Structure formats: structure tokens, C-alpha cells
Amino acid sequence: MKLATYKDGSRDGQLVVVARDLGAAHYATGIASRLQQVLDDWNFLAPQLQDLYEQLNAGRARHAFAFDARQCMAPLPRAYQWADGSAYLNHVELVRRARGAEVPASFYTDPLMYQGGSDDFLGPCDDVVVPSEAMGIDFEAEIAVITGDVKMGASPEQALDGVRLLMLANDVSLRNLIPAELAKGFGFFQSKPATAFSPVAVTLDELGDAWQGGRVHLTLQSTWNGRRVGMCDAGAEMSFHFGQLIAHIAKTRNVRAGAIVGSGTVSNKDWSKGYSCIAEKRCIETIEDGRPSTEFMKYGDTIRIEMKGRDGQSLFGAIDQQIVSHG
């Protein structure tokens, strides 16, 4: 099934069930008003939402209405935690190679991860508000999962069983703030503003055989200012699958229902497939030409991130945002 959260003036919005073709929706009122309620009581509430989903797809839902992604908040508008990995090691290798550094051996055996802000997510069509262009504005096209409860010490296989929903993410980065923050030895903070998520989150069965081994074997598309810049394969080169990422978090603590875990920038060794963030393009230019030539995003720029299923139809809807000035 496919789920979304509509804006209603509140912090958590209203849960809606969305048709498979993203054409229609139906409020989940009477079953659950918020997605967190469903995640907290998944085994009881999810089957009821599934029934409504089937009625909606069959054209039998009595109060269906046209779905509008512009009315969406993030599927889970605020979460107990947002932990983002760097599961595509080609991205790490490019960044290190561009500055003449080697990738530490531990990066190949232990996932790299940071904890981002989870109190203020962006909807899929909300503006990306940034104080200054000089901060080095960049998009990052990613995949993310929403979990149920996962116990401390869970194996990657056990952790994978905790995945409830999948969605896309734009993990916005302010690249020119990163070096000073990392130099302090405490990781990203101001350089990672609010993250945006796709209009809908989907259950694993919606992907069919594209969901294998904890990975999404589909193409992630990134379109910057109307120009397609990325057609990256999200499956084969994901070095750590989602079960491994979640198990990494659960090594020393419980992971509670409503945690969001990101894949990191989707990246491929084949440069002809493009890029899922500008920083990677700049790294390639540095490797080839000795310096980067592509500038970061400016006010008025747009970014669209989307993934299509085997049938060619949009799976999650599109993240479609514009960069704007603060104030």
C-alpha cells in the first residue's frame, strides 16, 4: 500500500491512503489519523489500511479525491530519529580520491552514519530555505526506510524484518559549512538543514522483485533545473543493505517504531549514469581536470527526484523543490 500525510495546519497532518497509480487518495480517518499511530500498532492497523487501499484501487472507496503531492507533508512529518548512512562506497571513494586521500579500511566493513535533525522535515514540494548561496547548496538523492521496533543487538537479517515503509529523500547539504564542522571532530550539524521526503511511503510489496536483499533495484532519477543529471542504479552498488544499516544503529540501543534510516547518496562507478549530488560531479571534475567547474545551487534553482517502477510509473511520487532565500 501507499501512504501519505496531508497538510492540515497541525504538526503531524492527516494520514491518507493513496492509490497505486497516485491518482486518488482517501483519508484514513476511522483507522488512524497519523502515520506514527500505525507504526506503533502495525499488526492491527496496517491490515485495515490495506483493505482501504484495495477498495481505493478498485474504485469502491466512497470518499476518494484526487491526490495532490503539493498538499503533502513528509509521510512521517517528524520522527523519533533520522539516521543517514553512506551505503554507496563509490561516493566516499570519489570524495576521498578528489582530495588525494585514501578510504580507511574500516569503511568497507562498518557503515558510516550520522544523526540528522528529525523535528522539522520538509514536504516533497516545500521550498528549500537557505540563509546564503555562499553556503554551497547541494541536493542529495537517496532512498530511506521507516522502521518498526528493532531490538538492540539485532542481526542484519532481523533488522531487515523491521522495515515497514520505503520512500525517497533529498538530504540537503550545505557543502561549504562541512569542512569546518568536521574539523571539530563532532560531525555534521549546521551543514545539514531540513531533509525532504517523497509524497508517499510504500510497503515493500509495492516494489515486487525490485526489492531484493535489502536493496531497491531501480533507477533513481535526479533532474536539476529541468535537466536530467542522474539516472543512478540504486541496487547493485549499495555496499551495505538496509538491514546492515539498521543493525549498525541497534548495536548499542533499541530502534523504535518511527525511526527513519537513509541510504546516503546513490552513486555508481559508471560516470555515464550521472550523479545524485553536485559534490560528486565536482569530485569527478577535480579528478579529470584538476579543479571543479560545476557550481552549487543558486536561489531559484529547482531539483526533482523520482523513481519509477518496472511498469514505468512513478513509485513514490516526486520530490520537486525550489531553492529560496531565508527571509
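Owing to the predicted nature of the structure, the values given are computational and were not obtained by experimental measurement.

## Considering the environment of Leu168
- By the element assignment, Leu168 lies in strand S10 (residues 163-170).
- C-alpha separation for the pair Leu168 and Thr219, spaced 51 residues apart in sequence, amounts to 12 Å.

## Brief notes about helix H2 (residues 42-57)
- Compared with an ideal rise of 1.5 Å per residue, which puts 16 residues at 22 Å, H2 spans 21 Å between its outermost C-alpha atoms and is within 8% of the ideal.
- Among the residues of H2, those classed as buried are Trp42, Leu45, Ala46, Leu49, Leu52, Tyr53 and Leu56. Buried residues of H2, viewed axially, fall in a sector of 120 degrees; they line one side. Of the exposed residues in H2, those oriented more than 90 degrees away from the buried face are Asn43 and Phe44.
- Those residues of H2 that are buried are in contact with strand S1 (2-6), strand S2 (14-18), strand S3 (24-27), helix H1 (35-40) and S10.
- The positive-phi residue at the C-terminal boundary of H2 is Gly59, with phi of around 75 degrees.

## As for the state of the cysteines
- What the rule picks out here adds up to zero disulfides.
- Cysteine Cys72 is unpaired, with the sulfur of Cys125 as its nearest cysteine sulfur at 7.5 Å.
- A relative accessible area of 1% means that Cys72 is categorised as buried.
- Note on Cys283: no disulfide assigned, nearest cysteine sulfur contributed by Cys277 at a separation of 7.6 Å.
- On the accessibility criterion, Cys283 (10% relative accessible area) is buried.

## Concerning the nonpolar core
- If you look at the biggest cluster of nonpolar residues, it comprises 67 residues, and the most contacted ones within it are Phe67, Ile143, Leu166 and Met307.
- If you tally residues by element for this core, the top one is helix H6 (residues 242-249), at five residues.
- Each residue touching Leu166, except ones within four places of it in the same chain, is listed here: Ile143, Ala144, Val145, Val200, Ala201, Val202, Leu204, Leu207, Trp211, Val216, Phe242 and Phe316.

## Points about the UniProt feature "domain: Fumarylacetoacetase-like C-terminal" (unreviewed entry) in the protein
- As recorded in UniProt, the feature "domain: Fumarylacetoacetase-like C-terminal" (unreviewed entry) lies at residues 82-321.
- As annotated, residues 82-321 comprises 17% helix and 27% strand, and the C-alpha atoms at either end are separated by 20 Å.

## A closer look at helix H3 (residues 89-98)
- Looking at H3, one finds that the buried residues are Leu89, Asn90, His91, Val92, Leu94 and Arg96.
- Buried residues belonging to H3 abut helix H7 (278-289).
- Residue Gly100 follows H3 closely and has a positive phi angle near 70 degrees.

## Observations regarding the UniProt feature "domain: Fumarylacetoacetase N-terminal" (unreviewed entry) in the protein
- Per the UniProt record, "domain: Fumarylacetoacetase N-terminal" (unreviewed entry) is found at residues 1-78.
- Within the segment residues 1-78, helix and strand shares are 28% and 21% respectively, and the terminal C-alpha atoms sit 21 Å apart.

Criteria and cut-off values
Residues numbered from 1 in each chain as written. Predicted model: local features only at pLDDT ≥ 70, side-chain atom pairs only at ≥ 80, totals over all residues. Heavy atoms only, no water. Helix = DSSP H or I, 4+ residues; strand = E, 2+ residues; numbered from the N terminus. Expected span 1.5 Å × (residues − 1). Buried < 20%, exposed > 50% of the residue type's maximum accessible area, 1.4 Å probe, protein only. Arc of directions from axis to C-beta. Contact = heavy atoms within 4.5 Å. Disulfide = S-S within 2.5 Å. Core = buried A, V, L, I, M, F, W, Y, C linked by side-chain atoms within 4.5 Å. UniProt positions renumbered as here; feature names shortened; annotations may be inferred.

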